[in-house]
Amino acid sequence: MQIIGTGSALPEKVVSNDMLAGFLDTSDEWITSRTGIATRRLLSNDNLGDLAIAAARQAVASSGVDCNDIDYIICSNVANNYVTPSLSTIIQGGIGDECSCPCMDLNGACAGFIYAIDIAEALLKTDRAKHILIVCAEEPSKFCNWHQRETSVLFGDGAGAVVVTGGDGLLARRVTAKSQKDVLYYKRPLETTPYDRSTENAEPLVMHGRDVFRMAVQGSLADINALLTESGLKPDDIDFYLLHQANMRIIKSIREGLGQEEQKFPCNLQRYGNTSSASIPILIDELTTEGRLKDGALLMLSAFGAGFVTGAALLRWGKAA
Ligand code: ACO
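Residues numbered from 1 in each chain as written. Predicted model: local features only at pLDDT ≥ 70, side-chain atom pairs only at ≥ 80, totals over all residues. Heavy atoms only, no water.

Draft legend 1. Layout of the overall build of the protein chain. The number of helices and strands found in the protein chain is 10 helices and 13 strands. Relative to its full complement of 321 residues, the protein chain shows a buried share of 53%. Considering only residue pairs separated by 6 or more positions, the protein chain has 76% of its internal contacts joining residues 24 or more positions apart. With the model as given, the accessible surface of the protein chain reaches about 14600 Å², and the carbon-plus-sulfur share is 48%. If the 29 positive side-chain charges of the protein chain are averaged to one point and the 39 negative ones to another, these points end up 5 Å apart. (Helix = DSSP H or I, 4+ residues; strand = E, 2+ residues; numbered from the N terminus. Buried < 20%, exposed > 50% of the residue type's maximum accessible area, 1.4 Å probe, protein only. Contact = heavy atoms within 4.5 Å. Areas by Shrake-Rupley, 256 points an atom, 1.4 Å probe, with all protein chains shown as cover. Lys, Arg positive; Asp, Glu negative; His and termini not counted. Charge placed at Lys NZ, Arg CZ, Asp CG, Glu CD.)

What follows is the structure, encoded as structure tokens:
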């Protein structure tokens with residue numbers, strides 16, 4: 001597998017910590033020191049489907065592949081307005097009238113991009129597809145209770161996309177899950193029926209921050225070290241660590257666990273907050289646009305999220321031959 005095109009799209013609305021402090025009992029000082037987040041982009045007049053399509057179009061255009069030659073679309077999304085049809089089919093309609101490939105949504109929470117890479121690699125290896133569009137589109141701000149400061153300050157909305165094709169860029173990968181429902185969940189409302197005796201109620205995002213913090217750091221370090229061992233590499237051999245942009249203190253703990261310098265951990269969390277599974281592909285698109293990813297560079301991707309799921313991928317950057 002090799003990434004041959006990238007794209008991203010963020011909502012227009014920029015929301016600063018001071019703006020949140022206008023209606024929540026919080027402060028710029030608390031949010032910045034505990035999370036590293038200064039601003040986030042939130043959907044306002046725009047909608048997630050349009051963001052996802054914009055990111056997808058950019059990725060397809062930069063790959064040089066005709067949209068009719070995309071033969072699978074995988075969309076990573078936790079939740080959006082449409083429970084059905086899938087967001088991937090909505091994206092398909094937005095990239096070209098003639099595009100008629102299979103479409104699939106997956107919910108790998110914040111690790112959804114790594115899960116999508118894992119599935120894309122399998123489809124490419126078994127000749128089920130030649131060009132796959134992966135779009136991660138998320139609106140986690142819509143899961144939060146905006147009267148609660150514990151979660152609403154953390155998130156931002158956005159979309160990131162890549163086009164992948166066959167190649168030798170994916171050196172190793174690992175995805176894990178360990179059922180752990182209570183530390184991080186969002187229960188959306190469903191219609192009731194005359195027969196429904198369930199006592200389950202919808203509930204905005206609930207997060208036990210300290211448990212998530214511990215599981216994220218442990219899980220990410222375990223994944224990264226496993227891939228390094230499998231590949232016969234040391235932490236120093238990696239050019240960039242592209243981590244899920246959840247929280248600057250989580251990233252710092254992982255960085256210190258690997259004994260690596262800050263410059264190897266590019267971040268966009270300060271500007272965008274936690275955009276769930278979109279955070280890594282948005283970061284990849286930014287680094288590509290800035291020309292910071294040189295051919296041959298070794299990239300370690302690592303993400304973690306509700307489930308509890310984790311995933312990591314070791315990539316050698318460069319266009320397929
Ligand atoms: N503003 C001001 N005060 C706040 C806020 C806020 N936004 N949120 C919580 N507080 C208060 C709490 O009420 C508490 O007050 P108390 O001591 O009077 O009870 C105090 O700050 C400390 O709260 P803690 O939850 O203990 O703060 P902590 O230092 O653990 O930081 C945080 C909270 C940032 C959520 C941390 O636990 C964390 O980073 N967890 C990881 C969670 C995460 O990143 N999740 C991302 C989403 S999931 C994912 O992407 C996988």
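Draft legend 2. Representation of the site of the ligand. Surrounding the ligand, one finds 24 residues, the nearest of these being Thr26, Arg34, Arg210, Asn247 and Asn274. One of the side-chain N or O atoms of Arg149 is found 2.9 Å from an oxygen atom in the ligand. Side-chain polar atom of Arg249 to an oxygen atom of the ligand: 3.3 Å apart, as the coordinates give it. Here the ligand is seated within the largest pocket. Those elements giving two or more residues to the shell around the ligand turn out to be α2 (28–35), α6 (149–152), α7 (209–231), α8 (248–258) and β12 (298–305). (Near = heavy atom within 4 Å. Polar contact = N/O pair within 3.5 Å; in protein donor to acceptor, adjacent residues only side chain to side chain. 1 Å grid on protein atoms, 1.4 Å probe; cavity = no way out; pocket = protein on both sides within 12 Å on 5 of 7 lines; lining within 4 Å. Sits in = over half its atoms within 2 Å of the grid points.)

Draft legend 3. Summary view of empty space enclosed by the protein. Following the criterion strictly, the structure yields one cavity of 30 Å³ or more and no others. The volume enclosed by the largest cavity comes to roughly 40 Å³. Around the largest cavity, the lining residues are Met1, Gln2, Ile3, Gly169, Leu315, Arg316, Trp317 and Gly318. Its residues placed into classes, the lining of the largest cavity shows four nonpolar, three polar and one charged. (Points joined across faces, edges and corners; volume = space filled by probe spheres on them. Nonpolar A, V, L, I, M, F, W, Y, C, P; charged D, E, K, R; others polar.)

Draft legend 4. Up close: the pattern of salt bridges. Scanning the model with the defined rule gives 11 salt bridges in all. Its salt-bridge partner being Asp211, residue Arg214 comes within 3.4 Å of it at the nearest N-O pair. Pair noted here: Arg214 and Asp211 are both in helix α7, with a separation of three residues, about one helical turn. Look at Arg214 and you get partly exposed, because its relative accessible area is 42%. What makes Asp211 partly exposed here is its relative accessible area of 28%. A salt bridge links Glu256 to Lys252; its shortest N-O distance comes to 3.2 Å. (Salt bridge = Lys/Arg side-chain N within 4 Å of Asp/Glu carboxyl O.)

Draft legend 5. Structural detail: the layout of surface pockets. Put simply, the largest pocket is a space of about 1100 Å³. Forming the boundary of the largest pocket are 42 residues, of which Leu154, Phe155, Leu184, Met207 and Val212 lie nearest the centre. When contributions to the lining of the largest pocket are tallied by element, the ones reaching two or more residues are α2, α6, β9 (184–187), β10 (203–207), α7, α8, β12 and β13 (307–316). Residues belonging to the lining of the largest pocket are distributed by class as follows: 22 nonpolar, 12 polar and eight charged. No fewer than three residues from each of domain 1 (2–168) and domain 2 (172–316) sit in the lining of the largest pocket. As a volume, the second largest pocket reaches approximately 270 Å³. For the lining of the second largest pocket, the residue count by class is three nonpolar, three polar and five charged. (Domains from an automatic or database assignment.)

Draft legend 6. Broad picture of the nonpolar core. Within the largest apolar cluster, 41 residues are counted, with the highest numbers of intra-cluster contacts made by Ile224, Tyr241, Ile254 and Met300. Secondary-structure elements contributing two or more residues to this core are α7, β11 (240–243), α8, β12 and β13. At eight residues, the largest contribution of residues to this core is made by α7. Composition of this core by domain shows at least three residues from each of domain 1 (2–168) and domain 2 (172–316). Setting aside its immediate chain neighbours within four residues, Tyr241 contacts Ile224, Pro235, Leu258, Gln260, Lys264, Phe265, Pro266 and Met300. (Core = buried A, V, L, I, M, F, W, Y, C linked by side-chain atoms within 4.5 Å.)

Draft legend 7. Highlighting the sheet that holds β13. The mixed open sheet is built from four strands, whose spatial order is β8-β13-β12-β11. The sheet is open, and its two edges are formed by β8 (170–180) and β11, each paired on a single side. The average undirected angle you get between the axes of adjacent strands in this sheet is 10 degrees. Strand direction decides the pairing type here: β11 and β12, joined by four bridges, are parallel. Residue pairing for β12: Tyr241 is matched across the bridge by Met300. Packing of helix α5 (residues 112–125) onto the sheet brings it into contact with β8, β12 and β13, and relative to β8 it is tilted by some 125 degrees. (Pairing = 2+ DSSP bridges. Axes fitted to C-alpha atoms, helices over the stretch in contact; angles between N-to-C directions.)

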